[in-house]
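Observations on the model geometry
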Amino acid sequence: MNLTSRLKSRINAFLSNPQLSQGMSKWSSKVLIVSVGLTITISGVRQIGLLQSWELHAFDWLVSLRLPEKQDHRLLVVGFTDDDINNKIPYPLSDEKLAEVITILQDNNARVIGLDIFRDIKIGKGRPELNKAFENGNVIVACGMSDAKKDQGIAPPSSIDPAQVGFLNVRPDHDDIIRRALLISSPPISYPQKHLCNDPQQKLQSVPFLVAQYYLPENINITVPTNNTPLKIGKAEFKRLKSNAGGYRNLDTNDYQILINYRSNPEPIEIVSFSQLLNHQVDAKIKDRAVFIGYTGTSFKDTFPTPYTKNAITPGVLIHAQVASQIISAVENGRSSQILYWDEWQDCLWILGWALVGGLLTWRRSPTWLVITSVVITMGGLFAVCWVGLNSFAYWLPMLPSFFVLVGTSVIVLWSERIRIAPEIDWDSVREEESKKKEQSERIARSEFFQQLQEKANQLQQQLIYEKHDLTQDSYYHKNYELSNELSTFDNWLEELAPKAKQMRQDWENMLTQSLAQKKESIRALAKRSQYLLNRYEDPNK
């Protein structure tokens, strides 16, 4: 028999063990019940939003661990800094100074310019010069879209073409972190002082979305989103964020918004100051770039927290530039258009899978220390899978719920299998002791025992006759009356031993149905009685 055949026969013998089959059936049923129950529980808790904060922080942590990416040299931010005020550039920026900045950018052939500065009213001198700069057509002017909380919005300059107007509104999450970007929206209600950005009849686009469209070649096909089809620019799809996307629950998704796929770089886009631009120190960096103009100084309070900077030091203009970079990179470079996520039913299957893994790690024949070690290693594997999914494929996988069910299933099954039943007993020692005693008891408990006992009795009868009376087999029949007393004594011994053996076998069978705590005490007592009975069987004179 070759090695494969012997291995196959051993496996078949192992699996055909009725006790093993029964134990595996109970254990596997317990794993399945606990896994499904815990998955339903965690999914329910997740559905009502109790895990949202934790999941968002776990998401931020994974985002911060992404591998670094190159700076996007197609964009440039011209930031008004605290040092610019020290260099005697007046604040707030006058129309004249803003017009000068835009003119320099246009003279150096910037492809498109996006303003993160409102100009609903005149500031200082230079409004005619500013309007003339707007007439070029490659300037996207900002407005503030109204909301339903008494905010009437901020109107764009009256002379501007509506096609050049975009909103700058952002939607922070409950912890004020910017994770989402608005692309298309409409004002929720109308106000008496109506303008473009508080009219519910208007379909407005964001400044970074317009900048990205203007930057891309004119022959790029743009598919307008509908209720059934997503926004599509070239081959890149930008799917509308769902209310239960990833770790979010019951999110307001009336606007067309996506998850921001931040570029992993401490300086994702180059920033130059107003002073540098006005002194013509960066003219060579402007040509053919998409340029954003905004406030970058900390004193202007136009900064926000992001998954990378939770202490609110990221300028708003840089966030808008990142959104534009995200759109352009998706169309031109095939970079992921947004952070992706699964549907809810797919999340549930994923979570159930990790729950089953947690249960399988508690294989009832494995030592407890090995189970715990396996669970810890598997947790590391789960983290690695979720990190690779986000870093390499921009997929937001439900890591935290999976951790909960993995650990929860392992703990519950392990507790019910071992710790709860016998916390004071060394499982492996008891099992080994029980196995040894059972082997010893089988010498008496087997069905052939009584037949062997009768054969032994016959042999002892013949030996007793020959030794004590030195008789031949023929003379035995003539002297039978002399042996009647001795034979009667032996028959009495045999009759006394047989019921005891039967009772002993019944006691062993009863012991197998007892709880583990009772078994430990019963094994020692039964073993002593079995040994005594065995000695009587081998030597009736004892």
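Relevant structure appears above.
Residues numbered from 1 in each chain as written. Predicted model: local features only at pLDDT ≥ 70, side-chain atom pairs only at ≥ 80, totals over all residues. Heavy atoms only, no water.

Quick notes on the state of the cysteines
Each disulfide consists of one covalent bond between the sulfur atoms belonging to two cysteines. We apply this condition: Two cysteine sulfurs form a disulfide in these notes if their separation is within 2.5 Å. What counts as a helix is a DSSP run of H or I of at least four residues, what counts as a strand is a run of E of at least two, and both are numbered from the N terminus. To sort residues, take the accessible area from a 1.4 Å probe on protein chains only and compare it with the maximum for the residue type: under 20% means buried, over 50% means exposed, and anything in between is partly exposed.
On inspection of all chains with the given rule, the structure shows one disulfide. Residue pairing for Cys 143: its cysteine sulfur links by disulfide to Cys 197, the two sulfurs lying 1.9 Å apart. Residues Cys 143 and Cys 197 are joined through a disulfide that is left-handed, its torsion about the S-S bond being -90°. In this pair, Cys 143 sits in strand S3 (residues 139-143) while Cys 197 sits in the loop between strand S5 (180-185) and strand S6 (204-205), placing the two residues 54 residues apart along the sequence. The two residues Cys 143 and Cys 197 agree in class, both being buried.

Overview of the side chain of His 320
Inclusion rule: The criterion used for residue contact is that any of the two residues' heavy atoms lie within 4.5 Å.
Positionally, His 320 belongs in helix H9 (residues 316-332). Beyond its immediate sequence surroundings of up to four residues, His 320 is in contact with Asp 116, Leu 168, Val 170, Pro 208 and Phe 292.

Some details on the sheet that holds strand S7 (residues 222-223)
Quick note on the threshold: Whether two strands pair depends on DSSP finding at least two bridges between them. Lines fitted to the C-alpha atoms define the axes, with helices restricted to the stretch that makes contact. Angles between their N-to-C directions range from 0 to 180 degrees.
Strand order in the open sheet formed by three strands is S7-S8-S9, with antiparallel pairing between adjacent strands. At either end of the open sheet lies a strand with only one pairing partner, and these are S7 and strand S9 (236-238). Summarising the sheet, strand S8 (residues 231-233) and S9 pair through three bridges and their orientation is antiparallel. Its bridge partner lying in S9, Leu 231 is registered against Phe 238. H9 contacts S8 and S9 of the sheet and is inclined by roughly 145° relative to S9.

Focus on empty space enclosed by the protein
To keep things clear, this is the line we draw: A pocket here means an open set of points on a 1 Å grid, computed over the protein atoms alone, that has protein on both sides within 12 Å along at least five of seven lines. A cavity is instead a set of points where a 1.4 Å probe fits but cannot get out; residues with an atom within 4 Å of a point line either one. Grid points are joined across faces, edges and corners, and a volume is the space filled by probe spheres set on the points. Any residue outside Ala, Val, Leu, Ile, Met, Phe, Trp, Tyr, Cys, Pro, Asp, Glu, Lys and Arg is labelled polar, Gly included; the first ten of those are nonpolar and the last four are charged.
Counted by the stated rule, this structure contains four cavities of 30 Å³ or more. If you add up the space inside the largest cavity, you get close to 90 Å³. Lining of the largest cavity is provided by 14 residues; of these, Asn 169, Val 170, Ala 181, Leu 182 and His 320 occupy positions nearest its centre. Those elements that provide at least two residues to the lining of the largest cavity are S5 and H9. Class assignment of the residues belonging to the lining of the largest cavity gives a composition of ten nonpolar, three polar and one charged.

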